[in-house]
Amino acid sequence: MLILQGRPDEALKAIARLPEGYARDQRFALAYFARGDESEGDAMLARLIALAEKPDTDATVAVAIAEVYASRNDAERAF
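What counts and what doesn't
Residues numbered from 1 in each chain as written. Predicted model: local features only at pLDDT ≥ 70, side-chain atom pairs only at ≥ 80, totals over all residues. Heavy atoms only, no water. Helix = DSSP H or I, 4+ residues; strand = E, 2+ residues; numbered from the N terminus. Expected span 1.5 Å × (residues − 1). Buried < 20%, exposed > 50% of the residue type's maximum accessible area, 1.4 Å probe, protein only. Arc of directions from axis to C-beta. Contact = heavy atoms within 4.5 Å. 1 Å grid on protein atoms, 1.4 Å probe; cavity = no way out; pocket = protein on both sides within 12 Å on 5 of 7 lines; lining within 4 Å. Points joined across faces, edges and corners; volume = space filled by probe spheres on them. Nonpolar A, V, L, I, M, F, W, Y, C, P; charged D, E, K, R; others polar. Axes fitted to C-alpha atoms, helices over the stretch in contact; angles between N-to-C directions. Parallel < 35°, antiparallel > 145°, perpendicular 65-115°, else oblique. Left-handed = near helix turned anticlockwise from the far one by under 90°.

Undergrad: Before we go on, may I ask you to explain helix α3 (residues 38–52) in this structure?
TA: Counted at 1.5 Å a residue, the expected span for α3 with its 15 residues is 21 Å, and the 20 Å between its end C-alpha atoms agrees. Within the sequence span of α3, burial applies to Gly41, Met44, Leu45 and Leu48. Each buried residue of α3 lies within a common arc of 100° when the element is viewed along its axis, so the set occupies one face. If you follow the buried residues of α3, they end up packed against α2 (22–35) and α4 (60–71).

What follows is the structure, encoded as structure tokens:
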């Protein structure tokens, strides 16, 4: 919600308290991109993509990646 409210700095503080994992990385990517910090957002997105390439990864990771791309208005990569 904080990201959608335009409060990415507050969102980053809240996200830091989440347990490690793809959901946390996705939220970090969303918050960093919302804040305009593309390099940090790209780093989190790269972590998600690397995880998705593993053979035993849950399909929800691909959905998380699509949501990050959608938030960046990159429909081609989102789909």
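Undergrad: Quick question: what am I supposed to make of the environment of Leu18 here?
TA: Looking at the secondary structure, you find Leu18 in the loop between α1 (8–15) and α2. In this structure Leu18 comes out as partly exposed when scored by relative accessible area, which is 35%. If we ignore the near neighbours within four places in the chain, the residues touching Leu18 are Arg24 and Arg27.

Undergrad: It is not clear to me how unusual backbone geometry should be interpreted in this structure. Could you clarify?
TA: Backbone geometry follows two general trends: most residues other than glycine have a negative phi, and most peptide bonds adopt the trans configuration. Positive phi, normally seen in glycine, also occurs at Asn73, with a value near 60°. Relative to the helices and strands, Asn73 is located in the loop between α4 and α5 (75–78). For Asn73, a relative accessible area of 73% corresponds to the exposed category.

Undergrad: I'm lost on the layout of surface pockets in this one. Help?
TA: Over the atoms, a rolling probe the size of a water molecule traces out where space has been left empty. Each pocket or cavity is described by its volume, and for the largest pocket that value is around 190 Å³. If you trace the largest pocket, you find it lined by Met1, Leu2, Ile3, Leu4, Ala11, Ala14, Ile15, Arg27 and Leu30. Looking at the lining of the largest pocket, the elements that each hand over two or more residues are α1 and α2. If one sorts the elements of the lining of the largest pocket by residue count, α1 sits on top with 3 residues. Class assignment of the residues belonging to the lining of the largest pocket gives a composition of 8 nonpolar, no polar and 1 charged.

Undergrad: Help me understand α2, please; the structure alone is not making it clear to me.
TA: With 14 residues, α2 extends 20 Å between its outermost C-alpha atoms, agreeing within 8% with the 20 Å of an ideal straight helix rising 1.5 Å per residue. Of all the positions in α2, only Arg24, Asp25, Gln26, Phe28, Ala29, Leu30, Ala31, Tyr32 and Phe33 are classed as buried. Downstream of α2 by one or two residues, Gly36 has phi in the positive range, about 90°.

Undergrad: Would you mind showing me how to read the packing of α1 against α2 here?
TA: The description of two packed helices rests on the angle between their axes and on the distance between the axes. Their axes nearest at 9 Å, the elements α1 and α2 cross at an angle of 160°. By the angle between their axes, α1 is roughly antiparallel relative to α2. Along this stretch, α1 crosses α2, giving a crossing that reads as left-handed. Residues Pro8, Asp9, Ala11, Leu12 and Ile15 of α1 form the contact with α2, whose own contacting residues are Arg24, Arg27, Phe28, Ala31, Tyr32, Ala34 and Arg35. Partitioned by chemical class, the residues of the contact of α1 with α2 number 8 nonpolar, no polar and 4 charged.

Just geometry here; none of it tells us what the structure is for.
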